[in-house]
Amino acid sequence: MALSSSPDLDGPAAACAIRLHAATKVYRGGVEALGPIDLDIGRGEFVSLLGSSGCGKSTALRLIAGLARPSSGSVRVAGEATRRPGGHAIGFVFQEPTLMPWSSVRANVGLPLKIAHAPAAEIARHVDAALARVELSDFAEAYPRELSGGMKMRVSLARALVTDPDILLMDEPFAALDEITRFRLNDDLLALWRDLGKTILFVTHSVFESVYLSQRVVVMSPRPGRIAAEFRIEAPEPRGAEFRTSTGYAAQCRDVSRALADASAAQVRA
Ligand SMILES: Nc1ncnc2c1ncn2[C@@H]1O[C@H](COP(=O)(O)OP(=O)(O)OP(=O)(O)O)[C@@H](O)[C@H]1O
């Protein structure tokens, strides 16, 4: 078992931001949630983990974030981004925005820096930049109850960005949103990824979302989650409405969908 963070992963993995090697997770009580899986994610890559409910996607993110330890195998993350107080290699965006209802948007976004005892002026500067990035500058003094679901998720994203992480782990962040809001946030996330060059690992149930967003889609089999198939997504950049309605997009969604169905069927037969 190994879990480590180092400025660079060894050898040819130097261009690699995340490396899982034969990683497994067995929870207390004997639930075999994950693996073994091998997965390398390159610096600056946008990868989606796609799989049915309970296949271990969140478990994989938790191992990478260091919130849980692998039962065997290793999980390694490159970079110890301490460019600012409270800086982390990793930012985490959950399905629920998990905002403090009694605090303003500004206070919610600044929380990670406040916990790290960053000076007030520095917190204000980084919060303003993060809010501008998610187009919420006009809502800095608003409270979560005054915001729509999409806006709350933007606040959650700003809070993850405020420490300037190298890696963003996103666990079904848009699953609870209506389709129009989801599409808009998909486009905003792609713009953010292009501009900031972060490594993004995105968990979703949605074939359509995974193909639209990612450079690579990793299809997982049901519990214990293993990698059943991988697809490199071919798309013109920047992606937008034209890609969403293209035959190339439809064909890739069909292929990924088939692999997901095959993975589930294989498990049922096993
Ligand atoms: N702390 C825990 N203790 C015991 N079992 C757990 C724990 N966390 C998750 N599990 C089990 O491990 C399996 C994988 O869970 P996980 O949340 O990683 O799946 P998932 O693919 O993210 O699911 P979903 O898409 O529904 O969020 C599930 O069967 C779940 O019940």
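Residues numbered from 1 in each chain as written. Predicted model: local features only at pLDDT ≥ 70, side-chain atom pairs only at ≥ 80, totals over all residues.

The protein chain appears in an unreviewed UniProt entry as NitT/TauT family transport system ATP-binding protein from Rhodopseudomonas pseudopalustris. According to UniProt, the comment filed for the protein chain under the heading Function (unreviewed entry) is "Involved in beta-(1-->2)glucan export. Transmembrane domains (TMD) form a pore in the inner membrane and the ATP-binding domain (NBD) is responsible for energy generation." (UniProt positions renumbered as here; feature names shortened; annotations may be inferred.)

Asks: Explanation requested: the overall build of the protein chain in the structure shown.
Replies: Tallying secondary structure elements over the protein chain gives eight helices and 10 strands in all. Per-residue burial for the protein chain yields a buried fraction of 42% across its 270 residues. Once local pairs closer than 6 in sequence are excluded, the contacts in the protein chain between residues at least 24 apart make up 75%. (Helix = DSSP H or I, 4+ residues; strand = E, 2+ residues; numbered from the N terminus. Buried ≥ 20, exposed ≤ 12 C-beta atoms within 10 Å, placed from the backbone. Contact = placed C-beta atoms within 7 Å.)

Asks: Help me understand the sheet that holds strand β10 (residues 227–232), please; the structure alone is not making it clear to me.
Replies: Strands belonging to one sheet form pairs held by backbone hydrogen bonds; the direction of such a pair is parallel or antiparallel. Taken in spatial order, the six strands line up as β6-β7-β8-β4-β9-β10 in an open sheet, and their pairing is mixed. A strand with exactly one partner marks an edge of an open sheet, and here the two such strands are β6 (90–93) and β10. Neighbour to neighbour, the strand axes of the sheet diverge by 15° on average, direction disregarded. Two elements, strand β4 (residues 46–50) and strand β9 (residues 216–220), share four bridges in a ladder whose sense is parallel. What sits directly across from S48, in β9, is V217. (Pairing = 2+ DSSP bridges. Axes fitted to C-alpha atoms, helices over the stretch in contact; angles between N-to-C directions.)

Asks: I tried to follow the site of the ligand on my own but got confused; where do I start?
Replies: Near the ligand there are 13 residues, and of these Y27, A33, S53, S58 and T59 occur at the shortest range. Looking at the shell around the ligand, the element that brings in the most residues is helix α1 (residues 57–65), giving three residues. For the shell around the ligand, the per-class residue count stands at four nonpolar, seven polar and two charged. (Near = placed C-beta within 6 Å. Nonpolar A, V, L, I, M, F, W, Y, C, P; charged D, E, K, R; others polar.)

Asks: I'm lost on the packing of helix α2 (residues 105–115) against helix α3 (residues 120–133) in this one. Help?
Replies: Axis angle and axis distance: for two packed helices, these are the angle between their axes and the distance between the axes, and together they describe the pair. Following both chains from N to C, one finds α2 and α3 inclined at 125°, their axes separated by 9 Å at the closest point. When the axis of α2 is compared with that of α3, the two are oblique. Crossing handedness for the pair α2 and α3: right-handed. Here α2 contributes R106, V109, G110, L113 and K114 to the contact with α3, which in turn contributes I123, H126, V127, A130 and L131. (Parallel < 35°, antiparallel > 145°, perpendicular 65-115°, else oblique. Left-handed = near helix turned anticlockwise from the far one by under 90°.)

Asks: Looking at this model, I keep getting lost on the pairing of strand β2 (residues 16–26). Mind explaining?
Replies: Sheet faces and side chains relate simply in a regular strand, where the side chains alternate between the two faces. Pairing between β2 and strand β3 (residues 32–42): seven bridges, direction antiparallel. Within β3, the position partnered with V26 by the bridge is E32. The hairpin turn running from β2 into β3, its antiparallel successor, is five residues long, and G29 in that turn takes a positive phi close to 95°. As paired strands, β2 and strand β5 (residues 72–78) are joined by five bridges and run antiparallel to one another.

Asks: Hey, could you run me through the confidence of the model for the protein chain in this one?
Replies: The share of residues in the protein chain with pLDDT of 70 or more is 90%, and the mean pLDDT across the chain is 89. Every residue in residues 80–85 scores below 50 in pLDDT, and together they form 19 contacts with partners more than four places removed in sequence or on other chains. Model confidence for the complex: the whole-complex pTM is 0.91, and ipTM, which rates the interface, is 0.97. (pLDDT = per-residue confidence, 0-100.)

Asks: Whenever I open this one, unusual backbone geometry confuses me. Can you help?
Replies: Leaving glycine aside, a negative phi is the common case for residues, and trans is the common case for peptide bonds. The step from G35 to P36 runs through a cis peptide bond, and the omega angle for that step is 10°. In this structure, the amide linkage connecting E237 to the following residue, P238, adopts the cis form with an omega of -5°. The topology assignment puts P238 in the loop between β10 and α7 (241–244). For H117, which is not a glycine, the phi torsion comes out positive at approximately 60°. Assignment of secondary structure puts H117 in the loop between α2 and α3. Phi at E135 is positive, roughly 60°, even though this residue is not glycine. Within the secondary structure, E135 is located in the loop between α3 and α4 (149–161).

Asks: I'm lost on the packing of α2 against α4 in this one. Help?
Replies: Direction vectors running N to C along α2 and α4 enclose 35°, while the axes themselves pass 7 Å from each other. In this structure, the crossing between α2 and α4 has a hand that is right-handed. Across the interface between the two elements, V105, N108, V109, L111 and P112 of α2 pack against V155, A158 and R159 of α4. In terms of residue class, the contact of α2 with α4 is built from six nonpolar, one polar and one charged.

Asks: How should I be thinking about the nonpolar core in this particular structure?
Replies: Taken as a class, soluble globular proteins show a tendency for nonpolar side chains to be buried jointly. The biggest cluster of nonpolar side chains holds 66 residues, and the ones touching the most others in it are I18, L50, I64, A158, L169, L201 and V219. Sorting elements by how many residues they give to this core places α4 first, with six residues. Excluding residues within four positions of it along the chain, A158 makes contact with V109, A130, L131, R133, V134 and L136. (Core = buried A, V, L, I, M, F, W, Y, C linked by C-beta atoms within 7 Å.)

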